[in-house]
Amino acid sequence: MKFDVTKRDSQATDITPVQPEAFDTEAYAAYEKELLKRTAVFWEAPSGVAVYRRMRAAEVFSDGCRDMARSLALQLGCLQTSMAFKADVPNFLEPWYGVGIYASAYGIDYVWNPGQSPASHYRFETLNEALQYVPQPVAQTPVGKHTLEMIEYFMEKTKGALPMCFTDAQSPLNTSTLIVNTSELMLSVITAPDALKVFLDRLASLMIEFVAEQKKLIGDCLVNPGHGFASARNFGGYGQSDDNIVMLSNEDYYECAVPSFEKVGLAYGGPVLHSCGDYSGKLPIMHNISNLKMIDAAFSPETDPNPCPPQPFAEALTGSGIILNARIVGSLKVIEQTVRQLWRPGMKLIVVTYCQTPEEQVRAYDIIHNICV
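Reading guide: rules and limits
- Residues numbered from 1 in each chain as written.
- Predicted model: local features only at pLDDT ≥ 70, side-chain atom pairs only at ≥ 80, totals over all residues.
- Heavy atoms only, no water.
- Helix = DSSP H or I, 4+ residues; strand = E, 2+ residues; numbered from the N terminus.
- Rg over C-alpha atoms; globule rule 2.2 N^0.38 Å.
- Buried < 20%, exposed > 50% of the residue type's maximum accessible area, 1.4 Å probe, protein only.
- Contact = heavy atoms within 4.5 Å.
- Areas by Shrake-Rupley, 256 points an atom, 1.4 Å probe, with all protein chains shown as cover.
- Lys, Arg positive; Asp, Glu negative; His and termini not counted.
- Charge placed at Lys NZ, Arg CZ, Asp CG, Glu CD.
- Axes fitted to C-alpha atoms, helices over the stretch in contact; angles between N-to-C directions.
- Parallel < 35°, antiparallel > 145°, perpendicular 65-115°, else oblique.
- Left-handed = near helix turned anticlockwise from the far one by under 90°.
- Pairing = 2+ DSSP bridges.
- Arc of directions from axis to C-beta.
- Phe/Tyr/Trp six-rings, centres within 6.5 Å; stacked < 30°, edge-to-face > 60°.
- Lys NZ or Arg CZ within 6 Å of the ring centre and 35° of its normal.
- Salt bridge = Lys/Arg side-chain N within 4 Å of Asp/Glu carboxyl O.
- Polar contact = N/O pair within 3.5 Å; in protein donor to acceptor, adjacent residues only side chain to side chain.
- Disulfide = S-S within 2.5 Å.

*Asks:* Quick rundown of the overall build of the protein? Include the residues and the values.
*Replies:* Regarding its fold elements, the protein presents 12 helices and 6 strands. The C-alpha radius of gyration of the protein comes to 20 Å, within 12% of the 21 Å expected for a compact globule of 373 residues. Viewed in the frame of its principal axes, the protein has a C-alpha envelope of about 55 × 50 × 40 Å. Counting the 373 residues in the protein, one finds 58% classified as buried. Considering only contacts within the protein whose residues lie at least 6 apart along the sequence, 78% involve residues at least 24 apart. Surface exposure of the protein reaches about 14800 Å², of which carbon and sulfur atoms provide 51%. Each charge class in the protein was averaged separately, 30 positive and 42 negative side chains, and the resulting centres sit 4 Å apart.

So, in structure tokens, the structure goes:
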């Protein structure tokens, strides 16, 4: 099987929306409470495996995010459906509102193309122009205000009883490409690395500040590490998407981008990293990222058109204490083959499945746990 470009979201499930007043909050709270016993054991153990059946509605991460009521109803449908699928990690709510949250601090508003998630177009041609601009606190921008209002709406409608993460967090490096011409930024790694580090550090400070605003609202409902990762109230770390990692050499990435990435992550329990595509070449520097808690990667062609090879991740992470959040869209055969290549005694592995039926999920769950002993 190959990546299906005709699908709106290869990791999504068809979901029937559930309105807040029709959602059985008590049933989900009891379900979550049971699974939190397993997540607590997994998080504290030096090695082991956990299974997460991620339940994701395509519209939530597309144009549906514009309507917070629609987004919540779809996500409640996800939570309700997920209870029928055997897993170790519960699903959670997310106030997702595009990836340009922090670009908004530089006066960049969203562009809403029909049927698409909100787009951000860079404002500055040069890094120097961006450095001369005085950014606005994210919470004071239209995008930031809407995000906080979305969190308040979710909390109000669910009576503060359901797990919720922070909104999507792009890394300082990712965010910088939404603000400044990407070609200029990549060139500045060579021509102006110190200026680039100053800019990324400035973005890190904006992120830390806005995360604090979200944390005030979410309170005890907070799950970590957040967007795109298996998350729980008793997990730790702060997840950031750092997809541009593949654009830089290991040395340049570590020198220019890691300090700001670390700064944000360490402010909230330790950095957690996601990148799309095959970034196995960056594994040698992962151990040098301070207090790195978890990394996320795709391991099948149906998950990502350029998936990661399992072997390097198994070799690099065994015995490290760094959790691997392994996303595997595919058949039971694909899941089994991939997990056999990934698993080594001494690993901490979360296998993220997208099985289409509860019966298939039970089989996948048992296969995974039988392999990872």
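*Asks:* Describe the packing of helix α4 (residues 142-157) against helix α7 (residues 193-218), naming the residues involved and giving the relevant values.
*Replies:* Relative orientation of the contacting elements α4 and α7 amounts to 15°, with a least axis distance of 9 Å. Regarding the angle of α4 to α7, the classification is roughly parallel. Here α4 and α7 pass one another in a crossing that is right-handed. Touching Gly144, Thr147, Leu148, Ile151, Glu152 and Met155 of α4 are Phe210, Glu213, Gln214, Leu217 and Ile218, all from α7.

*Asks:* Which residues make up the sheet that holds strand β3 (residues 271-274), and what are the values?
*Replies:* An order of β1-β6-β5-β4-β3-β2 is seen for the 6 strands of this open sheet, with the pairing classed as parallel. The open sheet has two edge strands with one neighbour each: β1 (48-53) and β2 (238-241). Strand-to-strand, the axes of this sheet are offset by a mean angle of 20°, without reference to chain direction. Here β1 runs beside strand β6 (residues 348-353); their pairing, made up of 6 bridges, is parallel. Bridge pairing in β6 places Val49 opposite Leu349. Seen against the sheet, helix α1 (residues 25-44) touches β1, β4 (294-298), β5 (323-328) and β6 and runs at an angle of roughly 140° to β6.

*Asks:* Pulling in residues and values, what's your account of helix α11 (residues 332-342)?
*Replies:* Those residues of α11 that sit buried are Leu332, Ile335, Thr338, Val339 and Leu342. All buried residues of α11 project into a common sector of 135° when viewed along the axis, lining one side. Among the exposed residues of α11, those oriented more than 90 degrees off its buried face are Lys333 and Arg340. Along its buried surface, α11 packs onto α10 (310-317), β5, β6 and α12 (358-371).

*Asks:* Can you break down α10 residue by residue, with the values?
*Replies:* Along α10, the residues that are buried comprise Pro310, Phe313, Ala314, Ala316 and Leu317. Where α10 is buried, its residues contact α9 (283-286), β4, β5 and α11. In the stretch just after α10, Gly319 is the one whose phi turns positive, near 80°.

*Asks:* How would you sum up the packing of aromatic side chains? Please name residues and give values.
*Replies:* The final tally for this structure, using the stated rule, is 19 aromatic pairs. Seen in terms of ring centroids, Tyr106 and Phe124 are 6.4 Å apart; in terms of plane orientation they differ by 85°. Their pairing is edge-to-face. Note that Tyr106 is positioned in the loop between α2 (68-82) and α3 (127-132) and Phe124 in the loop between α2 and α3, a separation of 18 residues in sequence. When its relative accessible area of 0% is taken as the criterion, Tyr106 is described as buried. When the ring of Tyr110 is compared with that of Trp112, the centres are 5.9 Å apart and the planes differ by 90°; the resulting orientation is edge-to-face. According to the relative accessible area criterion, Tyr110 is buried, its value standing at 9%. Look at Trp112 and you get partly exposed, because its relative accessible area is 21%. Cluster of aromatic residues (ring-pair linked, three or more members): Tyr106, Phe124, Tyr133 and Phe199. Positioned above the aromatic ring of Phe61, the side-chain terminus of Arg54 is 5.8 Å from the ring centre. In this structure, Lys348 is placed above the aromatic ring of Trp43, and the distance from its NZ or CZ to the ring centre is 5.8 Å.

*Asks:* For the side chain of Asp304, give the residues involved together with the corresponding values.
*Replies:* Checked against the element boundaries, Asp304 lands in the loop between β4 and α10. Look at Asp304: it is buried, it has no salt bridge, and the nearest opposite charge is Arg327 at 5.4 Å. Only 3.0 Å separates the side chain of Asp304 from the backbone nitrogen of Gly277, close enough to count as a polar contact.

*Asks:* Give me the lowdown on the state of the cysteines, citing residues and values where you can.
*Replies:* In a disulfide, the sulfur atoms of two cysteines are covalently bonded to one another. In total, this model carries 0 disulfides according to the counting rule given. The thiol of Cys78 is not disulfide-bonded; the next cysteine sulfur, from Cys165, is found 13 Å away.

*Asks:* Any chance you could break down the environment of Ser300 for me, citing the residues and the numbers?
*Replies:* Take Ser300: it is sitting in the loop between β4 and α10. Put simply, Ser300 and Ala326 are 26 residues apart on the chain and 9.6 Å apart in space, counted from C-alpha to C-alpha. For Ser300, the residues in contact, after removing those within four places along its chain, are Pro307, Arg327, Ile328, Val329 and Val334. A polar contact of 2.6 Å, which involves the side chain of Ser300, links it to the backbone oxygen of Val329.

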